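# Summary of structural features
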Amino acid sequence: MSPDSVTPGSVRSAAEVNEQIRALWMRTGGTLSSQERAEYELLVVEWAAAIRSAVIEAA
């Protein structure tokens, strides 16, 4: 997955995004290239947005 394939406003759940983050770390053996780091950063932003969305829905 390239960083460009993460669309803003994604409707994926935090659990789905977290699974992608875990898969990225497993695939790279814990060492990220600059491209993988960019992908990781986008995934973390998406995960945080999903968490915020879940908290707002719960409130």
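Residues numbered from 1 in each chain as written. Predicted model: local features only at pLDDT ≥ 70, side-chain atom pairs only at ≥ 80, totals over all residues. Heavy atoms only, no water.

### Description of the pattern of salt bridges
- Evaluation of the coordinates by the stated rule reveals two salt bridges.
- Between Glu46 and Arg12 there is a salt bridge, with the nearest N and O atoms lying 2.6 Å from each other. With Glu46 in helix H2 (residues 34-58) and Arg12 in the segment before helix H1 (14-28), this residue pair connects regions lying 34 residues apart in the sequence.
- A relative accessible area of 8% means that Glu46 is categorised as buried.
- For Arg12, a relative accessible area of 25% translates into the label partly exposed.
- With a closest N to O distance of 3.7 Å, Glu39 and Arg27 form a salt bridge. A residue pair is termed long-range when its members are at least 10 positions apart, and Glu39 in helix H2 and Arg27 in helix H1 qualify at 12 residues. (Salt bridge = Lys/Arg side-chain N within 4 Å of Asp/Glu carboxyl O. Helix = DSSP H or I, 4+ residues; strand = E, 2+ residues; numbered from the N terminus. Buried < 20%, exposed > 50% of the residue type's maximum accessible area, 1.4 Å probe, protein only.)

### Section: the nonpolar core
- Formed by Val17, Ile21, Leu24, Leu32 and Leu43, the largest nonpolar core amounts to five residues.
- Looking at this core element by element, the count peaks at three residues for H1.
- Non-local contacts of Ile21, meaning those with residues more than four positions away in its chain, are made with Tyr40, Leu43, Val44 and Trp47. (Core = buried A, V, L, I, M, F, W, Y, C linked by side-chain atoms within 4.5 Å. Contact = heavy atoms within 4.5 Å.)

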